[in-house]
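Each chain is listed here by its residues.
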Amino acid sequence: MLISGSGSNLQAILDARANDPDFPAQPVLVVSDRPGAGGLLRATAAGISAEVVDWSDSPDRESFTAAICDLLDAHKVELVVLAGFMRILSQEAVRRFPNAIVNIHPALLPAFPGARAVEEALAYGVKTTGVTVHFVDEHVDNGPIIAQEPVTVMAADTVETLHRRIQTIEHRLYPKCVAAAATGRLRVQGRSVIWDER
Ligand code: GAR
């Protein structure tokens, strides 16, 4: 799993696994692009290897991506889960893990891609925003959509209150999508993701 921040989505996946002996994905490695990310502590508390590939130590995006991919390979990672990871990987990541990188985004893509989705949705005045889980392809916040859920924007919402409600959905939706991806229940056909409803 790749993180940059507090790792509440990482925690939701760890909890899903802890609460369900049949949860099909086994987290093996958490990588952060910055040393202070709270998610690193969550990983070590759960007995999972936690590593930092510091973005600011990397000369360019290519070497940053290669260092992360090498770590993932060394841990025999089969599914790469971006959980609040705020860096853009180079195309090498998609080449090395084709249809095996998933991301969660706090808006209904293709609306409001990028790092400030909640703020931009609120500023735009949309009445509904939401959560998107998608496969990562070579473009930012663009790959085939695995699942989406709407969140109603309230008149009194701030970025914080809206993000909190979005995260409640994220924490329920992401473990379900990760489990489906880990068991090969998601088939990508062009831009569509077909769920095998086993
Ligand atoms: C999540 O809300 C996730 O959707 C968002 O960052 C937050 C990370 O929270 N990701 C993006 O904005 C990606 N463009 P977390 O560290 O508590 O899981």
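Residues numbered from 1 in each chain as written. Predicted model: local features only at pLDDT ≥ 70, side-chain atom pairs only at ≥ 80, totals over all residues. Heavy atoms only, no water.

K.L.:
Explain helix H1 (residues 8-19) here, please?
P.N.:
Every α-helix winds through 3.6 residues per turn, so residues three or four apart in the chain are directed the same way. With 12 residues, H1 should reach 16 Å at 1.5 Å per residue; the first-to-last C-alpha distance of 16 Å fits that figure. Residues Ser8, Asn9, Leu10, Ala12, Ile13, Leu14 and Ala16 constitute the buried set of H1. Those residues of H1 that are buried are in contact with strand E1 (2-3), strand E2 (29-32), helix H2 (38-45), strand E4 (80-82), strand E5 (101-105) and helix H6 (159-182). (Helix = DSSP H or I, 4+ residues; strand = E, 2+ residues; numbered from the N terminus. Expected span 1.5 Å × (residues − 1). Buried < 20%, exposed > 50% of the residue type's maximum accessible area, 1.4 Å probe, protein only. Contact = heavy atoms within 4.5 Å.)

K.L.:
What am I meant to see in the site of the ligand here?
P.N.:
Around the ligand, the structure places 14 residues, and the nearest of them are Ser6, Gly7, Ser8, His163 and Glu170. Between an oxygen atom of the ligand and a main-chain N or O atom of asparagine 9, the distance comes to 2.9 Å. Within the side chain of histidine 105, an N or O atom sits 3.4 Å from a nitrogen atom of the ligand. Burial of the ligand by the protein amounts to 91% of the accessible area it has alone, namely 450 Å². (Near = heavy atom within 4 Å. Polar contact = N/O pair within 3.5 Å; in protein donor to acceptor, adjacent residues only side chain to side chain. Areas by Shrake-Rupley, 256 points an atom, 1.4 Å probe, with all protein chains shown as cover.)

K.L.:
Would you explain the nonpolar core in this entry?
P.N.:
Looking at soluble globular proteins, one finds that nonpolar side chains tend to be buried together. Counting residues in each nonpolar core, the largest one holds 43 residues, and the members touching the most others are Val81, Ile146 and Tyr174. When contributions to this core are tallied by element, the ones reaching two or more residues are H1, H2, E5, helix H5 (117-124), strand E6 (128-135), strand E7 (145-152) and H6. A total of 10 residues in this core trace back to one element, the largest contributor, which is H6. Excluding residues within four positions of it along the chain, valine 81 makes contact with Met1, Leu2, Ile13, Val102, Tyr174 and Val178. (Core = buried A, V, L, I, M, F, W, Y, C linked by side-chain atoms within 4.5 Å.)

K.L.:
Could you clarify how one ought to interpret the pattern of salt bridges in this entry?
P.N.:
Here the idea is simple: oppositely charged side chains can pair when their charged atoms come close. Applying the stated criterion to the full structure yields 9 salt bridges. Here arginine 116 makes a salt bridge to glutamate 120, at a shortest N to O gap of 4.0 Å. Of the charged contacts in the structure, one is a salt bridge between glutamate 197 and arginine 185, with a shortest N-O distance of 3.9 Å. Here glutamate 197 is found in the segment after strand E9 (192-195), whereas its partner arginine 185 is found in the loop between H6 and strand E8 (186-189), with 12 residues between them in sequence. The class of arginine 185 is buried, set by a relative accessible area of 18%. Salt bridges sharing partners connect three or more residues here, namely Asp70, Asp73, Glu92 and Arg96. (Salt bridge = Lys/Arg side-chain N within 4 Å of Asp/Glu carboxyl O.)

K.L.:
Would you mind showing me how to read H6 here?
P.N.:
When the terminal C-alpha atoms of H6 are compared, their 32 Å separation across 24 residues agrees well with the 34 Å that a helix rising 1.5 Å per residue should span. At glutamate 170, H6 shows its maximal bend, which comes to roughly 30 degrees. Within the span of H6, buried status applies to Leu162, Ile166, Ile169, Glu170, Leu173, Tyr174, Pro175, Cys177, Val178, Ala179, Ala180 and Ala181. Looking one or two residues past H6, glycine 184 carries a phi angle of roughly 70 degrees, positive in sign. (Bend = angle between axes of the 7 residues up to and from the residue.)

Any functional reading would require information that these geometric values do not contain.
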